[in-house]
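So you can see what is in the structure, the chains are spelled out below.
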Amino acid sequence: MSPTLKAVYRNGTFILETACNLPEGSEVELLIQSSSIVSPPISDVESNNIFSNL
């Protein structure tokens, strides 16, 4: 079973809240579980108006 680690996303980087014992350069896969995910802004004015009215 894979370990579960908690992290905070700040300034474009995930900062671990717990220590991990991975070798430097290890590749990992992240599964994001959060109730506060924010959608990126829609730059196209017409599309933004459509989604704002949903």
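Our subject in this report is the structure included herewith. Because the structure is a prediction, the values reported are computed rather than measured. (Residues numbered from 1 in each chain as written. Predicted model: local features only at pLDDT ≥ 70, side-chain atom pairs only at ≥ 80, totals over all residues. Heavy atoms only, no water.)

1. Considering the overall build of the protein chain
Point 1. When helices and strands are tallied, the protein chain shows one helix and two strands.
Point 2. Its C-alpha atoms give the protein chain a radius of gyration of 17 Å, more than 25% over the compact-globule value 10 Å for 54 residues.
Point 3. Seen along its three principal axes, the alpha-carbon backbone of the protein chain occupies a region of about 50 × 20 × 20 Å.
Point 4. If you sum the accessible surface of the protein chain, you get close to 5700 Å²; carbon and sulfur atoms cover 53% of it. (Helix = DSSP H or I, 4+ residues; strand = E, 2+ residues; numbered from the N terminus. Rg over C-alpha atoms; globule rule 2.2 N^0.38 Å. Areas by Shrake-Rupley, 256 points an atom, 1.4 Å probe, with all protein chains shown as cover.)

2. Description of unusual backbone geometry
Point 1. A positive phi is found at asparagine 11, a non-glycine position, where the angle reads about 50°.
Point 2. With respect to the helices and strands, the residue asparagine 11 is situated in the loop between β1 (7-10) and β2 (13-16).
Point 3. By relative accessible area, which is 80% here, asparagine 11 ends up exposed. (Buried < 20%, exposed > 50% of the residue type's maximum accessible area, 1.4 Å probe, protein only.)

3. Considering the packing of aromatic side chains
Each aromatic ring pair is described using two quantities: the centre-to-centre distance and the angle formed by the ring planes.
Point 1. Scanning the model with the defined rule gives one aromatic pair in all.
Point 2. Residues tyrosine 9 and phenylalanine 14 carry aromatic rings whose centres are separated by 4.8 Å and whose planes lie at 50° to one another, so their mutual orientation is tilted.
Point 3. Note on tyrosine 9: relative accessible area 53%, which makes it exposed.
Point 4. By relative accessible area, which is 40% here, phenylalanine 14 ends up partly exposed. (Phe/Tyr/Trp six-rings, centres within 6.5 Å; stacked < 30°, edge-to-face > 60°.)

4. Description of the environment of leucine 22
Point 1. By the element assignment, leucine 22 lies in the loop between β2 and α1 (45-52).
Point 2. Note: C-alpha distance between leucine 22 and valine 38 (16 residues apart in sequence) is 30 Å.

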